[in-house]
Every structure is written in structure tokens, then in C-alpha cells.
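So the chains spell out like this:
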Amino acid sequence: RAKDNGKNNYQFFTPVMNTSSYERLTIENKLRRALEREEFILYYQPQVNVVTGRIIGAEALVRWQNPEIGLVPPDMFISLAEENGMIVPIGEWVLREACRQNSLWQRQGGTPISVAVNLSAMQFHQKNLTTLVARVLEETELQPCWLELEITETGIMKNAEAITTLNALKQMGIKLSIDDFGTGYSSLSHLKKFPLDKLKIDKSFVHDVTTNQDDTAIVSAIIGMARSLNLQVIAEGVETREQRDFLAANGCCEMQGYLFSKPVPAREFEHFVTTGEYRHP
Ligand code: C2E
Ligand code: MG
Ligand code: MG
Ligand code: MG
């Protein structure tokens, strides 16, 4: 699937490649330049607890402010960056920037929240990942408990060393969550072996959770599984009150989605941190 995405991305970039100044640059060079020119920006989306009405976290989501095409969403360049390895330096920038921002919010007196950073499989495979994370936390003066790393099931399963890495991160006090849960192929017995904190129910199941019997069953099963494995659970892609109410009634009180807020730049996110609350939609 990553390959297919890659093809689409090449098509996406064709018009840009034809413009004169970019003509001879490979996409890798473009991404490298984007990093040097500080063209990446993080948007933050609130994660809320609908029972307490409090903000519990922010997911950091990268965008590329391309001077020629405007704001480029991650689906347009992340899989490419994974193919050519640029995801490693980009991901390092994302990690540092997210930790810096969260640390700053806390020093400004905001309600402490955790910041969730997406890690791609390739970053997860890097030998020095734990060293890097430790260094970034130290540099940014963020306590490890306020950092959450989101990894996909495939990202974990592809890596034989995964347990060692996850244990080391866990030992540092970092929160670990499985992103897009339900779309991968992890088994219950596998899951039990990993020192995880949280499952994020993929938005594809949330979308029709109140209307499609299969999705109702899947979401209920994930919530039940999380409970029996003593894991926290959060639903992503919550767009309607009906979805919110169904999830809350079934024991999933932590949510993220357009119903509460789209991802927004740090400046626009600030009010969530200052008040610690969100407006009930
Ligand atoms: P993800 O980690 O599963 O992030 C959730 C995606 O769902 C985000 O898309 C978010 O904007 C979108 N979303 C949030 N609420 C709703 C909703 O209510 N409805 C719908 N339909 N969508 C919603 P975004 O920001 O375009 O990111 C897409 C994916 O790109 C992310 O999926 C993640 O896999 C990847 N990504 C984003 N930032 C990074 C990054 O810094 N590093 C890596 N490795 N991957 C990233
Ligand atoms: Mg994510
Ligand atoms: Mg997700
Ligand atoms: Mg996703």
C-alpha cells in the first residue's frame, strides 16, 4: 500500500518538478531543503475526555508549507519520505518541535497535557531512537510523562527488536500508544507482550459506528479488549454527537476528532492549554 501511495505522490509532485527552479531537484532534495528552510509546521489536534470536559492531550501533525503549492498534508509526502529515508530527519524535527512546544506551554503556566508524536516504522527501527528521545526531552526540558509516541501495529510487528525498544522507552516514562488500531494484524497474544499504554481506535471504524453493525461490533470489541488488557483507549475521527455518545456509553471517554476541533497551528491551540477545557459541541 505504501508503494501505491508513493506512486500517487510522484504524480502529485509532477507539476512542481516541471517548474523551472525545482526542475533538477529530486523529491529527496526537496524534502531536505524544506527541512533546511524550515518549511515544516506542526498542527495540533486536541484529545479530550468527554466525561470530565478536560483537554488531555494534543496530537502533533506535520504539514509542509510549500512556497509554490501551499500547505501540503502529510499523506502527500510522508510515505515518500519513508521510501527515501528523509522521514528520519523530518521525524526528528517533529519530535523536537512538539516537545519544545509542549514544554513552552507548561512553562507559560498552561494545564499540563501530553503531546502525541507519530513515529514511522523506519524511525522506530533506528538504533539510536531511545538515545535521541532522551536527548530531545533533556534539551526541551519536557518530562517524559508528557510525551506519547504513536506507533502502528505494522511498525511494531515488522521489527524483531520492537519489545526491547518499547521497553526502553517505557522505562524512561514515555507513554506508548498504538495508532490506527484494528487496521493492522496484531493478535491479542502479541499485544500482551508489549508495554503499551493506549489503543487508538482507527477512524475508519468510528465513521459508521452507529450505523454499521460490523463497525459497532469491532469498536465494542476493541473497547472490551483494551479494558481486559488494562489499556487506555481513545477514538480518533469523531465527527458527530451520535458517535461521541455511542463511544462514551460504551466506555470510551477519550476522543479526538473534528467534532471537538480540527488540527490547528500552535497559536490557535493555546486557548485549550490556558483553560484546560474545550467547548462541548
Ligand atoms: P494519524 O496519525 O492517524 O492522524 C489522524 C489523522 O486524522 C490526521 O490527518 C487528522 O487531521 C485526521 N483527523 C482528525 N480528526 C478527524 C475527523 O474527525 N475526521 C477525519 N476524517 N479525519 C480526522 P493528517 O493530519 O492529514 O495526518 C495523516 C497521517 O499522516 C497521520 O494519521 C499520520 O499517520 C501521518 N502523519 C502526520 N504527521 C506525522 C508525523 O509527524 N510523522 C509521521 N511519521 N507521520 C505523520
Ligand atoms: Mg496518529
Ligand atoms: Mg490514527
Ligand atoms: Mg491514520
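Here the residue numbering is sequential within each chain, running from 1 through the sequence in written order. Whichever chain is written first is A, and whichever ligand is written first is 1; the rest continue in order. Whole-chain, interface and lining totals are the exception, using all residues; otherwise, since this is a predicted model, local features are given only for residues with pLDDT of at least 70 and side-chain atom pairs are given and counted only at 80 or more. Values shown for side chains rest on all heavy atoms present in the structure; no hydrogens or waters enter the calculation.

Novice: How should I be thinking about the pairing of strand β6 (residues 175-181) in this particular structure?
Specialist: The two faces of a sheet get side chains in turn, since along a regular strand they alternate between them. Extensive coverage of β6 is indicated by the burial of five of its seven residues. Strand direction decides the pairing type here: strand β5 (residues 147-152) and β6, joined by five bridges, are parallel. Its bridge partner being in β6, Glu-150 is matched across the sheet by Ser-177. In this sheet, strand β7 (residues 198-201) lies alongside β6 in parallel orientation, the contact comprising three bridges. Residue Phe-181 lies in a different strand from β7, and its bridge partner there is Ile-201. Whether a crossover is right-handed comes down to one check: with the strands pointing away from the viewer, does the path from the first strand over the helix to the second run clockwise; if it does, it is right-handed. Helical segments are the DSSP runs of H or I of at least four residues, strand segments are the runs of E of at least two, and each set is numbered from the N terminus. Between the parallel pair β6 and β7, the chain is carried across by helix α9 (residues 188-193), and the sense of this crossover is right-handed. Relative accessible area decides the class of each residue, using a 1.4 Å probe on protein chains only: under 20% of the type maximum gives buried, over 50% gives exposed, and in between gives partly exposed. When DSSP locates at least two bridges between a pair of strands, those strands are taken to pair.

Novice: Can you help me understand the nonpolar core in this one?
Specialist: When a protein is soluble and globular, its nonpolar side chains tend to lie buried together. The term nonpolar core refers to a set of buried residues drawn from Ala, Val, Leu, Ile, Met, Phe, Trp, Tyr and Cys, joined through side-chain atoms within 4.5 Å. Within the largest apolar cluster, 76 residues are counted, with the highest numbers of intra-cluster contacts made by Leu-147 and Leu-247. Looking at this core, the element that brings in the most residues is helix α4 (residues 87-107), giving seven residues. Not counting residues within four places of it along the chain, the set of residues in contact with Leu-247 comprises Val-206, Val-219, Ile-223, Ala-235, Val-238, Cys-252 and Met-255. Should any heavy atoms of two residues lie within 4.5 Å, those residues are counted as being in contact.

Novice: Sorry, what's going on with the side chain of Glu-39 here?
Specialist: Locating Glu-39 in the fold gives a position in the loop between α2 (27-36) and β1 (40-49). Summary of buried charges: Glu-39 has no salt-bridge partner, and the nearest side chain of opposite charge, Arg-37, is 4.3 Å away. We define a polar contact as two N or O atoms separated by no more than 3.5 Å, with the added condition that, inside protein, one atom must be a possible hydrogen donor and the other a possible acceptor, whereas residues neighbouring each other in sequence contribute only through side-chain atom pairs. Separated by 2.9 Å, the side chains of Glu-39 and Trp-64 make a polar contact. For Glu-39, the residues in contact, after removing those within four places along its chain, are Ala-34, Arg-63, Trp-64, Gln-65 and Pro-67. None of His or the chain ends enter the tally, which takes Lys and Arg as positive and Asp and Glu as negative. Each reported salt bridge corresponds to a side-chain nitrogen of Lys or Arg within 4 Å of a carboxyl oxygen of Asp or Glu.

Novice: Is there a simple way to think about the environment of Ala-168 in this case?
Specialist: Locating Ala-168 in the fold gives a position in helix α8 (residues 162-172). Here the alpha-carbon distance between Ala-168 and Pro-195, two residues 27 residues apart in the chain, equals 9.7 Å.

Novice: Just to check I follow, could you spell out the pairing of strand β4 (residues 114-118) for this structure?
Specialist: In terms of burial, β4 is largely enclosed, as four of its five residues are buried. Pairing of strand β2 (residues 54-66) with β4 involves four bridges; the strand directions are parallel. For Gly-57, the partnering residue across the bridge sits in β4 and is Ser-114. One ladder, built from four bridges, connects β4 with β5; its direction is parallel.

Novice: Could you clarify how one ought to interpret the packing of aromatic side chains in this entry?
Specialist: The relative placement of two aromatic rings is captured by the distance of their centres and the angle of their planes. Any two rings among Phe, Tyr and Trp, with Trp reduced to its six-membered ring, count as a pair given centres within 6.5 Å; such a pair is stacked if its planes are under 30 degrees apart, edge-to-face if over 60, and tilted if neither. Applying the stated criterion across every chain yields a total of nine aromatic pairs. Considering the side-chain rings of Phe-40 and Phe-77, the 5.6 Å spacing of their centres and the 40° angle between planes classify their relative orientation as tilted. Highlighted residues: Phe-40 in strand β1 and Phe-77 in the loop between β3 (70-72) and α3 (78-84), separated in sequence by 37 residues. Relative accessible area serves as the criterion here: at 5%, Phe-40 is assigned to the buried category. With centroids separated by 5.9 Å and ring planes inclined at 85°, the aromatic side chains of Trp-64 and Phe-77 adopt a geometry described as edge-to-face. Here Trp-64 is found in strand β2, whereas its partner Phe-77 is found in the loop between β3 and α3, with 13 residues between them in sequence. The burial state of Trp-64 is the same as that of Phe-77; both residues are buried. What links up through ring pairs into an aromatic cluster is the set Phe-40, Trp-64, Phe-77 and Trp-93.

Novice: Honestly, the coordination of the magnesium ion (ligand 2) in this entry has me stumped. Any pointers?
Specialist: Around a metal, the perfect tetrahedron of four donors has angles of 109.5 degrees, and the perfect octahedron of six donors has angles of 90 or 180 degrees. Here a donor is any nitrogen, oxygen or sulfur atom (N, O, S) within 2.8 Å of the metal, with 3.2 Å used for Na, K and Ca; water is not among the atoms considered, so some sites may look incomplete. Binding of the magnesium ion (ligand 2) to the protein goes through Glu-59 (OE), Asn-118 (OD1), Glu-150 (OE) and Asp-179 (OD), at separations of 2.0 to 2.2 Å. Here the donor residues of the magnesium ion (ligand 2) share one chain and are spaced in sequence as E-x58-N-x31-E-x28-D. A gap of 3.9 Å separates the magnesium ion (ligand 2) and the magnesium ion (ligand 3), which Asp-179 links by coordinating each metal. Note that Asn-118 is positioned in strand β4 and Glu-150 in strand β5, a separation of 32 residues in sequence. For Asn-118, a relative accessible area of 27% gives the class partly exposed. Using a relative accessible area of 1% as the deciding quantity, one classes Glu-150 as buried.

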